[in-house]
Amino acid sequence: MDHVKRGDRVRKAVFPVAGMGTRFLPATKASPKEMMPVVDKPLIQYAVEEAVEAGITELIFVTGRTKRSIADHFDKAYELEHQLEQRGKKELLAIAQNVVPKGVSCTYIRQTEALGLGHAVSTAAHLVGDEPFAVILADDLIHHGKGAVKQMVEIYDFYKSSVIAVQKVPGPEISSYGVISGTKQTDRVFLLDKIVEKPAHEDAPSDMGVTGRYIFTPQLFSHLAALKPGAGGEYQLTDAIQTLLTEEQVLAYEYEGIRYDCGSKMGLLKANIELGLEHQEIGDDLRQYLKNELPAKL
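Described below are features of the structure shown in this document. (Residues numbered from 1 in each chain as written. Predicted model: local features only at pLDDT ≥ 70, side-chain atom pairs only at ≥ 80, totals over all residues. Heavy atoms only, no water.)

A look at the overall build of the chain
Piece 1. Broken down by element type, the chain carries 11 helices and 13 strands.
Piece 2. The C-alpha atoms of the chain give 20 Å as radius of gyration, which agrees with the globular expectation for 298 residues (19 Å, within 12%).
Piece 3. Dimensions of the chain, computed from the C-alpha atoms along their principal axes, are close to 60 × 45 × 40 Å.
Piece 4. Within the span of the chain, comprising 298 residues, buried residues form 46% of the whole.
Piece 5. Sequence-distant contacts in the chain: of pairs separated by 6 or more residues, those separated by 24 or more amount to 76%.
Piece 6. Accessible surface, the chain as shown: approximately 15,700 Å² in total, 51% of it carbon and sulfur.
Piece 7. Taken together, the 34 basic and 41 acidic charged side chains of the chain have centroids lying 3 Å from each other. (Helix = DSSP H or I, 4+ residues; strand = E, 2+ residues; numbered from the N terminus. Rg over C-alpha atoms; globule rule 2.2 N^0.38 Å. Buried < 20%, exposed > 50% of the residue type's maximum accessible area, 1.4 Å probe, protein only. Contact = heavy atoms within 4.5 Å. Areas by Shrake-Rupley, 256 points an atom, 1.4 Å probe, with all protein chains shown as cover. Lys, Arg positive; Asp, Glu negative; His and termini not counted. Charge placed at Lys NZ, Arg CZ, Asp CG, Glu CD.)

Some words on the packing of aromatic side chains
Piece 1. Scanning all chains against the criterion turns up 7 aromatic pairs.
Piece 2. Arranged with centres 5.0 Å apart and planes meeting at 15°, the rings of Phe61 and Tyr108 form a pair that is stacked. Residue Phe61 is located in strand S4 (residues 58-63), and its partner Tyr108 is located in strand S5 (residues 105-110); the two are separated by 47 residues in the primary sequence.
Piece 3. Taking relative accessible area as the criterion, Tyr108 reaches 32% and is therefore assigned partly exposed.
Piece 4. Three or more aromatic residues link up through ring pairs in this structure, and these residues are Phe15, Phe61, Phe74 and Tyr108.
Piece 5. Its end group placed over the ring of Tyr46, Lys41 keeps NZ or CZ at 4.6 Å from the ring centre. (Phe/Tyr/Trp six-rings, centres within 6.5 Å; stacked < 30°, edge-to-face > 60°. Lys NZ or Arg CZ within 6 Å of the ring centre and 35° of its normal.)

Side note on the nonpolar core
Piece 1. Phe15, Val38, Ile44 and Phe61 are the most contacted members of the largest nonpolar core, which has 46 residues in total.
Piece 2. Non-local contacts of Phe15, meaning those with residues more than four positions away in its chain, are made with Ile44, Ala47, Val48, Ala51, Leu59, Ile60, Phe61, Val62 and Ile136. (Core = buried A, V, L, I, M, F, W, Y, C linked by side-chain atoms within 4.5 Å.)

Examining the environment of Val135
Piece 1. Here Val135 shows up in strand S6 (residues 133-136).
Piece 2. Setting aside residues up to four positions removed in sequence, Val135 forms contacts with Val14, Pro16, Val121, Gly212, Arg213, Tyr214 and Phe216.

Read these as layout, nothing more, since geometry by itself doesn't imply function.
Spelled out as structure tokens, the structure:
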């Protein structure tokens, strides 16, 4: 997509990380759920790596109380790096120094009240400005050779429209998702005509549920600004997408990859096992454990 002008490129990503993470208490009492590890990296680092792979260079974190460890994680660790250098631990030093690659910046905004995902995204408006941008929810770890955000940026570059990640969701589980209806444009791209937040199974307009990856045009911010509180007094991102549909084309994209819902204990455990099996350092040992030792405990 070399014809895309710089001003049209997706260079910024918003990471809403202000949630309380109550499903993981007591682990999240003083540490954010986005810092929960999958093998040897926290969830937020997987999300950041996915953004950087897609060419994003400005990372905007919408944080809350107890979230300082996220900023610390992406900051330079002088003492640690000095110790690793003194001890000749070159590989570990490289890992510590490359948590955020050169040329990538991090900015932090405090969401002072938990008023929903729509409100969290709206707090980044002054930093995003008049540019397209990504929204990435670290709870959803999407594993694929080409990251979901990179796939979606390519769709955006072609259509110049907002793009929402979706996946097929079986049966009654659909009531836990935002659900889209639309017209298929290609095998994986749909032109939206409606999006509904957590419909009853029998009322769901399709079996395509929204997952935690979005590319938006800056026009979204005017729709966020006009939102009224929905259920629980929260400002729903889904409601702003629905009104954005009245102004411009919005697409849904059925991404390639395996999604792990790491906002749940079971999803986090599955991610640790399955990514652990692929890990160069521990994969073989974990495979042998699962084959030889674990069955006796089941």
